[in-house]
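# Inside the fold
Okay, here's what each chain looks like letter by letter:
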Amino acid sequence: MDSSDFFKTPAWYPALAGKTFISTFVKLRRESVKALADGIEEDKDPDSPVGQTINDLKNAMASFHGNSFVFTDCCAPTDTERFLNKKGAVFSAKSAWRNLASSPKIRESAAKGEVEHICIRPFRRMNRTREFRLFIYEGKLSAMSQYYLIRHFRRLEGIKETFWKDAEKFVNEIIWLLPVKTLVIDIYFTSDNEIMIIDINKWGDPTDPLMLNTWERDWETQSGIILMPPPIKISGDVNISF
């Protein structure tokens with residue numbers, strides 16, 4: 001396997017299945033990939049590429065109860081209305097396909113030949129204070145960033161060092177399973193403080209360095225865990241001119 005292929009979920013999942021959310025995969029026909037790239041959201045013909053894929057999705061999703069989260073090899077439909085309103089939760093196979101086909105990110109990825117599978121996980125509502133991005137440089141945890149950058153979470157200040165130590169231990173446990181030693185891993189701390197992998201990304205652009213701000217830095221020196229700072233309070237007389 002080419003090391004670049006490792007970043008596709010179906011590639012890394014077998015080695016790390018015990019460290020991530022249970023998942024299943026639907027292999028796509030070449031015609032289905034084209035339909036996805038073309039943004040064909042619906043086809044009533046059950047024998048069409050779209051109809052066949054929806055039936056495959058239905059069978060795969062039947063193993064999960066409730067809503068699912070559906071994405072492709074290395075891209076999730078985070079730019080869709082359903083993700084904005086429902087965090088991407090889908091219940092039916094038709095909704096799953098429609099959500100993928102309506103995503104510009106997914107269509108572009110399919111057009112580039114990056115899509116071979118549709119990936120399915122049980123939908124899980126994430127606590128934003130427990131999502132982090134790990135920056136692993138030459139096999140060692142170099143830095144860790146809060147993932148959700150909209151606000152400061154004061155509750156994280158008291159436990160950030162525990163989170164860092166747990167993440168460092170996690171990296172040391174799994175690094176031997178990774179064919180690439182410099183990479184980025186998105187993780188989630190469960191309510192039991194178990195670390196689960198959300199996604200694995202390539203090092204550098206276009207992966208967002210989040211709170212690290214830039215890739216041009218000394219990665220051999222550990223930066224620790226970096227959180228959103230608290231809002232700045234301004235007191236006294238403030239004059240604003242336009």
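As a reminder, the structure under discussion sits directly above these lines.
If you're wondering where the values come from, they're calculated on a predicted model, not measured in any experiment.

## Some points on the sheet that holds strand 8 (residues 195-201)
Backbone hydrogen bonds hold the strands of a sheet together, and the pairing may be parallel or antiparallel. With mixed pairing, five strands are arranged side by side in an open sheet as 8-7-5-6-9. Of all strands in the sheet, those bounded by a partner on one side alone are strand 8 and strand 9 (224-226). Taken pair by pair, the neighbouring strands of this sheet meet at an average axis angle of 25 degrees, ignoring direction. The sheet contacts of helix 7 (residues 160-174) involve strand 5 (131-137), strand 6 (140-146), strand 7 (183-189), strand 8 and strand 9, and relative to strand 6 the element is tilted by about 135 degrees.

## A closer look at the pairing of strand 4 (residues 117-122)
The element strand 4 is extensively covered by neighbouring structure, given that five of its six residues are classed as buried. Of the strand pairs in this sheet, strand 1 (residues 24-27) and strand 4 are connected by four bridges, and their pairing is antiparallel. Paired with Val-26 across the two strands is Ile-118, which belongs to strand 4.

## Points about the packing of helix 3 (residues 49-61) against helix 5 (residues 93-101)
It is the contact of helix 3 with helix 5, at a shortest axis distance of 8 Å, that shows an interaxial angle of 120 degrees. In terms of their interaxial angle, helix 3 and helix 5 are classed as oblique. Of the two possible hands of crossing, helix 3 and helix 5 adopt the one that is right-handed. Every residue of helix 5 that contacts helix 3 at Val-50, Thr-53, Ile-54, Leu-57, Lys-58 and Met-61 is listed here: Ala-93, Lys-94, Ala-96 and Trp-97.

## Quick notes on helix 1 (residues 9-16)
For helix 1, the complete set of buried residues consists of Thr-9, Pro-10, Trp-12, Tyr-13 and Leu-16. One face of helix 1 carries all of its buried residues, which in axial projection span an arc of 165 degrees. In this structure, the buried residues of helix 1 make contact with strand 1, strand 2 (68-72), strand 4, helix 7 and strand 8.

## Some points on a positive patch on the surface
Taken together, Lys-44, Lys-58, Lys-94 and Arg-98 make up a surface patch of like positive charges. Along the chain, the position of Lys-44 falls in the loop between helix 2 (30-37) and helix 3.

## Topic: unusual backbone geometry
In this model, Asp-205 is joined to Pro-206 through a cis peptide bond whose omega is 10 degrees. Among the structural elements, Pro-206 can be located in the loop between strand 8 and strand 9. Positive phi, close to 60 degrees, is recorded for Lys-87, a residue that is not glycine. By secondary structure assignment, the location of Lys-87 is in the loop between helix 4 (81-86) and strand 3 (89-90).

Criteria and cut-off values
Residues numbered from 1 in each chain as written. Predicted model: local features only at pLDDT ≥ 70, side-chain atom pairs only at ≥ 80, totals over all residues. Heavy atoms only, no water. Pairing = 2+ DSSP bridges. Helix = DSSP H or I, 4+ residues; strand = E, 2+ residues; numbered from the N terminus. Axes fitted to C-alpha atoms, helices over the stretch in contact; angles between N-to-C directions. Contact = heavy atoms within 4.5 Å. Buried < 20%, exposed > 50% of the residue type's maximum accessible area, 1.4 Å probe, protein only. Parallel < 35°, antiparallel > 145°, perpendicular 65-115°, else oblique. Left-handed = near helix turned anticlockwise from the far one by under 90°. Arc of directions from axis to C-beta. Patch = residues over 30% accessible without salt bridge, like charges linked within 9 Å, V, L, I, M, F, W, Y side chains within 5 Å. Areas by Shrake-Rupley, 256 points an atom, 1.4 Å probe, with all protein chains shown as cover. Salt bridge = Lys/Arg side-chain N within 4 Å of Asp/Glu carboxyl O. Lys, Arg positive; Asp, Glu negative; His and termini not counted. Charge placed at Lys NZ, Arg CZ, Asp CG, Glu CD.

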